[in-house]
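Coordinates in review
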Amino acid sequence: MTQQPLTPRQIVQELDRYIIGQEEAKRAVAIALRNRYRRSKVDESLRDEIIPKNILMIGPTGVGKTEIARRLAKLARAPFIKVEATKYTEVGYVGRDVESMIRDLTENAIRMVRSEHEEKVMPRARVLAEDRLAELLAHPRKSSPASNPLDFLLGKQKESQQSSEEVTALARKKEDIRQQLLRGEIEDQEIEIEVEEEAPTLELGGSSISLGDMMGNMMPRKTRMRRVKVHEARKILTSEEAAKLIDQDAVQDEAIQRTEQSGIVFIDEIDKIAGGNGGHGPDVSREGVQRDILPIVEGCTVNTKYGTVKTDYMLFIAAGAFHVSKVSDLIPELQGRFPVHVQLNSLTREDFRQIMTVPENALTKQYKALLEVDRVLLSFDEDAIDAIAEAACNANDNDEDIGARRLHAVFEQLLEDVSFHAGDETMPPFALQITADYVHEHLKGENRPRDLKKYIL
């Protein structure tokens, strides 16, 4: 959870920075996120009785369903995973089992928490890595013959003896090298470092198990020598030292706790498993997939390689267009687990216009930044923005409605010529003003603005 929990109004304001419209869906997810904070402050005797109210988003593709869930997870600093319901098959058929979504969510939580812990120890890890780097540069490791594993187990490792003069000379050399590293004088010098190789894993019961863990880490880690430059070696050594400094058990405990209490699972294309056959015949039934997903949403315990994970308090957000099927085609038990229904609307011409100009990641800003790399200063007239919005809206109306993704197709076609020719070193920097005439001239096919005058009798 966030250290300073946002109010629902503040959450909607944050979502407005990247997503245009869809106020009903934003309000629903904002309330769901705030309810998590409220639940954490409730007396423990009642806290376990309060479960999240899962959300079902209904709307065409490309209107912001996935983006709302993804941005919500970032705001909450919560483990998040997006899965497609069509990837799963019912029990007894070859395919992914539904519990794998929880295992993947736990993996995401482990990566998130480990990254946070590494950030805390990074200053100390950099100091240790710098010391190891100076040691390797002052006293390069020579490849030695393979040692007997029994000697390792019995502690019979050979230690080289050095005289006091050699120790003093080595310390002086290390200090000189450390000063050179601080001044950045030897960043491109090559060095050989020893890196550990990942232990092989075994897939068992849907989860991967490290063979090294099964052996109790009795055998030494397998390593190999890599020849890299100093600046790259610093990154590798810093990562190794950070991994040694963090408490892996604490990482796992916190990740599992965050997964259970804050995890968000976004199930897309749930309309594709609605309706259909009732499970008769040799084919995988849609209803069978629904019944396998049901226990996960209801609340169950899933075995992962980090321990058991409960799904009772996770927030599940399902989404689907429901063009062919209806929400009522889902089995009643699954419908009941998604009590909050929100309708997302198709994008209008004004929505397209705002998508191109208002969000922090607006397409006009993206293409300006991309072409500026090749010394092309791009700018858009207001009339050009209107023409692009009209073209995208008409294309969605007359062909398949793919929502805001239509803008990607329009922009690629509109800027195809300049994107292809830009980057030539002989070409001087120049400014390109996109006007309405430029839009009408360069768009073609389904994206071309249509002249409706010819249809008037």
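Up top you'll find the structure we're talking about.
So, a few notes on the structure that sits alongside this text. Along each chain, numbering runs from 1 in the same order as the chain's sequence is written. For this predicted model, a pLDDT threshold of at least 70 governs which residues receive local features, and a threshold of 80 or more governs which side-chain atom pairs are given and counted, while totals over whole chains, interfaces and linings are taken from all residues. Side-chain descriptors were evaluated using all non-hydrogen atoms of the structure, hydrogens and water having been removed beforehand.

A word on the pairing of strand S10 (residues 315-320)
Note the cut-off: Here's how the labels work: a residue is buried when its accessible area is under 20% of the maximum for its type, exposed when over 50%, partly exposed in between, all with a 1.4 Å probe on protein chains only. Elements are defined by DSSP. Helices are runs of H or I of four residues or more, strands are runs of E of two residues or more, and each kind is numbered from the N terminus. Strand pairing is assigned whenever DSSP detects at least two bridges linking the two strands.
Extensive coverage of S10 is indicated by the burial of six of its six residues. By the alternation rule, side chains of S10 split into Leu315, Ile317 and Ala319 and Phe316, Ala318 and Gly320, which are all buried. Relative to S10, strand S1 (residues 55-58) is paired through four bridges, and the arrangement is parallel. When the sheet's bridge partners are listed, Ile55 is paired in S10 with Ile317. Pairing of strand S7 (residues 264-268) with S10, which is carried by four bridges, proceeds in the parallel orientation.

Description of the pattern of salt bridges
What counts is decided by this rule: The term salt bridge refers to a pairing of a side-chain nitrogen on Lys or Arg with a carboxyl oxygen on Asp or Glu at a separation within 4 Å.
A complete count under the given rule lists 24 salt bridges for this structure. The closest approach of N and O atoms between Lys272 and Asp271, which form a salt bridge, is 3.4 Å. Overlapping salt bridges, with partners in common, bring together Arg77, Glu116, Glu254 and Arg258 in one network.

Quick word on unusual backbone geometry
The phi dihedral of Arg77 falls on the positive side, at around 50 degrees, and the residue is not glycine. Relative to the helices and strands, Arg77 is located in the loop between helix H4 (65-76) and strand S2 (80-84). Residue classification places Arg77 among the partly exposed positions, given a relative accessible area of 33%. The backbone of Phe322 shows a phi angle near 55 degrees, a positive value even though the residue is not glycine. Here Phe322 is to be found in the loop between S10 and helix H12 (332-336).

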